[in-house]
Amino acid sequence: MNTLHLHNTIEDIAKAGQLLRDGELVAIPTETVYGLAANALDAEAVAGIFAAKERPADNPLIVHIDDKDTVYSLCAEVNDQAKALMDAFWPGPLTIILPRAPIVPDIVSAGLPTVAVRMPSHETARAIIRAAGVPLAAPSANRSGSPSPTTAARVAADMDGRIAAIVDGGDCEVGVESTVISLCGDIPLLLRPGGITPAQLESVLGEIAVADSITRPLKEGETVASPGMKYKHYAPRAQVTIVKGDAAAFTAFVNAHADDGVMAMAFDGETDALTVPFVTYGARDDRDAQARELFEALRLADDRGAKVLYAACPPVSGVGLAVYNRLLRAAAFRVVSA
Ligand code: TXA
Ligand code: MG
């Protein structure tokens, strides 16, 4: 298949909308990461997403909408907590899980009785949803297992030849996937941290529960509320280890392990004394920059042939919780103290 490379023009957005209506797959920019979109109401089109990504069939997809009212057709019940979250954070990087309405095909939710819905803030994403005229199911546009793409070039590297089109909307602003919260239980449950922080959620909802799988590995045979959290995710080819400690301790640790193929993933401004090649992902206290640059830094380390990558440990509060969560999975939970 010859993958079209489209841009943010009126003609190209219309073309993307037409392809989606025809049941094709189109990669779209969002403020978080690029998504691989299909008509969410067309089970056959959605099946194509799983094939193109080589995604396990039991991992459900997020449905993207451009209009808050669409929630009422996709969800069987929209409670007051959901309304309050929609008012506070939509459009934006928050996905809300609610009971599923019959219009949503089983395959979208991997058979669960719930559905995940989000209204992105990226103008190009929203223009494409409007042009398609249907809600769009869209996981991150990477091959299953590798880091989510935050540029159109990274989408092309994973998806060229597998999908009908890629719409280039520039670099993603947030850089990590949306916050996912379930409103289907007794108390709101944070399943995946992201651009909307736990403190922001609590400012609207009061107390929330945080799935402990966010910061620890699953036990053998354990079931999980968010199937996506059980897979080894976001991993580059290099073997990643998270290194805790200040700049001096990190540098000393990495330099003491300076073998062939060893690279560092350091904070901006903390690289002068490193004796190994390095990539950077924002300044030590700049959580937003770390989120924005994390996945690109992981992919860059692979491009440069890293076999072993020592990553400076990010702060774990605010958006940092999302960065730490993704990095833990990239590192298969290997964390050491320098
Ligand atoms: O920012 C984002 O959310 C990006 C952009 C493209 O919007 N999308 C994204 O999709 O990250 P994906 O498929 O890579 O991650 C969706 C996550 C997975 O962890 C999945 O298991 C969870 O959401 N999820 C989806 N539907 C669910 C449901 N009904 N119940 C529990 N978890 C669900
Ligand atoms: Mg993903």
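Here's what I pulled together on the structure shown here. Bear in mind that the values here come from a model prediction, so they are computed numbers and not experimental data.

### A look at the packing of aromatic side chains
Applying the stated criterion across every chain, the model contains two aromatic pairs. With a centroid separation of 5.2 Å and 85 degrees between ring planes, the pair formed by Phe253 and Tyr310 is classed as edge-to-face. In this pair, Phe253 is assigned in helix H8 (residues 247-256) and Tyr310 in strand S15 (residues 308-312), connecting sequence segments 57 residues apart. The class for Tyr310 is buried, based on a relative accessible area of 11%. On the numbers, 5.2 Å between centres and 25 degrees between planes, the contact of Phe267 with Tyr281 is stacked. Placement of Phe267 in the loop between strand S13 (262-266) and strand S14 (278-280) and of Tyr281 in the loop between S14 and helix H9 (287-303) is noted, with a sequence separation of 14 residues between them. Grouping residues by exposure puts Phe267 and Tyr281 together as buried.

### Here we look at the environment of Lys15
Tracing the chain through its elements places Lys15 in helix H1 (residues 10-21). A C-alpha to C-alpha distance of 28 Å links Lys15 and Val115, two positions 100 residues apart in sequence. Residues within four places of Lys15 in sequence aside, it is in contact with Leu4 and Leu6.

### Side note on the nonpolar core
Core analysis: the largest hydrophobic core is formed by 49 residues, its most contacted members being Val71, Leu85, Trp90, Leu94, Ile96, Ile181 and Leu201. Mapped by element, the contributors of at least two residues to this core are strand S3 (35-39), helix H2 (43-53), helix H3 (71-74), helix H4 (80-89), strand S5 (94-99), strand S6 (114-118), helix H6 (152-159) and helix H7 (198-205). Here this core takes five residues from H2, the largest share from any one element. Judged by nonpolar contacts, the second largest core, of 41 residues, contains Phe250, Phe253, Ala301 and Ala311.

### Some thoughts on H1
For H1, spanning 12 residues, the distance from its first C-alpha to its last is 17 Å, which sits close to the expected 16 Å at 1.5 Å a residue. Those residues of H1 that sit buried are Asp12, Ile13, Ala16, Gly17, Leu19 and Leu20. Down the axis of H1, the sector holding all buried residues measures 160 degrees, keeping them to one side. Summarising the geometry of H1, the exposed residues directed more than 90 degrees from the buried face are Ile10 and Glu11. Where H1 ends, the next residue or the one after it, Gly23, has phi of about 90 degrees, a positive value.

### Overview of H8
Those residues of H8 that sit buried are Phe250, Thr251, Phe253 and Val254. The buried residues of H8 occupy one face: seen down the axis, they fall within an arc of 165 degrees. Residues of H8 that are exposed and point over 90 degrees away from its buried face: Ala248 and Ala256. Packing partners of the buried residues in H8 comprise strand S12 (239-244), S13, S15 and strand S16 (335-337).

### Concerning the sheet that holds strand S7 (residues 136-137)
Strand order in this open sheet of 11 strands is S1-S8-S2-S3-S7-S4-S6-S5-S9-S10-S11, and the pairing throughout is mixed. Either end of the sheet is taken by a strand with one partner, and the two such strands are strand S1 (4-6) and strand S11 (209-210). Running over the sheet, H1 touches S1, strand S2 (26-28), S3, S7 and strand S8 (165-167) and is turned about 135 degrees from S1.

Here is what the cut-offs are and how they apply
Residues numbered from 1 in each chain as written. Chains lettered and ligands numbered in written order. Predicted model: local features only at pLDDT ≥ 70, side-chain atom pairs only at ≥ 80, totals over all residues. Heavy atoms only, no water. Phe/Tyr/Trp six-rings, centres within 6.5 Å; stacked < 30°, edge-to-face > 60°. Helix = DSSP H or I, 4+ residues; strand = E, 2+ residues; numbered from the N terminus. Buried < 20%, exposed > 50% of the residue type's maximum accessible area, 1.4 Å probe, protein only. Contact = heavy atoms within 4.5 Å. Core = buried A, V, L, I, M, F, W, Y, C linked by side-chain atoms within 4.5 Å. Expected span 1.5 Å × (residues − 1). Arc of directions from axis to C-beta. Pairing = 2+ DSSP bridges. Axes fitted to C-alpha atoms, helices over the stretch in contact; angles between N-to-C directions.

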